[in-house]
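What follows is the residue order along each chain.
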Amino acid sequence: MRLRNVPGSRDIIRESWFTIKDETEYRGKWNTVFGNDHPIYIEIGMGKGQFIMTLAKQNPDINYIGIEKYSSVLVRAIEKQEEEDLPNLYFIRMEAENITEVFEEGEVSRIYLNFSDPWPKDRHAKRRLTSVQFLERYEKILVKEGHVIFKTDNKDLFDFSLEQVEQAQNWELLNHTFDLHHSEYIEGNVMTEYETRFVEKGNAICRMEIVMTNKKD
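The present account deals with the structure reproduced in this document. The structure displayed is predicted, hence computed values, not measured ones.

### Overview of the packing of aromatic side chains
Each aromatic ring pair is described using two quantities: the centre-to-centre distance and the angle formed by the ring planes. Under the defined criterion, the tally for this structure stands at eleven aromatic pairs. Ring geometry for Phe51 against Tyr112: centres 5.0 Å apart, planes inclined by 70 degrees, an arrangement best described as edge-to-face. Taken as a pair, Phe51 in helix H3 (residues 50-58) and Tyr112 in strand S4 (residues 108-114) lie far apart in primary sequence, 61 residues in all. On the accessibility criterion, Phe51 (4% relative accessible area) is buried. Among the aromatic residues, ring-to-ring pairing joins Tyr41, Phe51, Tyr64 and Tyr112 into one connected group. Against the face of Trp119 rests Arg127, its NZ or CZ located 4.8 Å from the ring centre. Its end group placed over the ring of Phe134, Arg137 keeps NZ or CZ at 4.4 Å from the ring centre.

### Examining the nonpolar core
Core analysis: the largest hydrophobic core is formed by 39 residues, its most contacted members being Trp30, Ile42, Ile44, Phe103, Ile111, Tyr138 and Trp171. Per element, the largest residue contribution to this core is five residues, and it comes from helix H6 (residues 155-167). Setting aside anything within four residues of it in sequence, one finds Ile42 in contact with Ile65, Ile67, Ile99, Phe103, Val108, Arg110, Ile111, Tyr112 and Ile141. Counting 21 residues, the second largest nonpolar core, distinct from the first, contains Phe18, Ile62, Leu74 and Tyr112.

### A word on the sheet that holds strand S2 (residues 63-68)
What the seven strands build is an open sheet, ordered S3-S2-S1-S4-S5-S7-S6; its pairing is mixed. The two strands at the open ends of the sheet, each matched to only one other strand, are strand S3 (89-93) and strand S6 (171-177). Shown here is a sheet whose adjacent strand axes are inclined to one another by a mean of 20 degrees, direction ignored. Bridge count for S6 against strand S7 (residues 206-212) is six bridges, and the pairing is antiparallel. Paired with His176 across the bridge in S7 is Met208. The sheet contacts of helix H4 (residues 71-84) involve S2 and S3, and relative to S3 the element is tilted by about 165 degrees.

Conventions used here
Residues numbered from 1 in each chain as written. Predicted model: local features only at pLDDT ≥ 70, side-chain atom pairs only at ≥ 80, totals over all residues. Heavy atoms only, no water. Phe/Tyr/Trp six-rings, centres within 6.5 Å; stacked < 30°, edge-to-face > 60°. Helix = DSSP H or I, 4+ residues; strand = E, 2+ residues; numbered from the N terminus. Buried < 20%, exposed > 50% of the residue type's maximum accessible area, 1.4 Å probe, protein only. Lys NZ or Arg CZ within 6 Å of the ring centre and 35° of its normal. Core = buried A, V, L, I, M, F, W, Y, C linked by side-chain atoms within 4.5 Å. Contact = heavy atoms within 4.5 Å. Pairing = 2+ DSSP bridges. Axes fitted to C-alpha atoms, helices over the stretch in contact; angles between N-to-C directions.

This is the structure we're talking about:
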């Protein structure tokens, strides 16, 4: 369960060097934040940051931006980053729906979605981060042939996601598995906090990788 009420969390976020305060200010010029032109990978719904911080340490030539809407979760990632001080990682507290206001067309090279909220009620389907509506948002910020990698332990959400990729006009399913930890795609896999917990319980982890196609130049 996500933490909701860490006293002073918004103050910590506001004062941290590692959080972007006015994310729309850097739309189209994120290279000035990092001071280089390295590819930008983002994680939407990063939780406490274990996944994205591991990637940032492993890949110093890639810039990472972690997006999280819950202040009380984001502060945990800030605490870790204060210890690590990784120069290629920043955080944003924001709603995922506003992603196109933050990044310019072709500014992001890869998007990670890890154990996203399943929004189980049908009337909330468009809020799921793998819905056609969100895939259309991703099209507006990804480079040509940009990738989205999605992991979940929720089989219903995964089935829905596969259907959404089929319905979307500009996406192709590169690979998928219903049991990541017993598949060929486990090599190089970086675990999230939730994934570690679910695997210990014996839950199968679903994973898919999709690529954007037919984007106009």
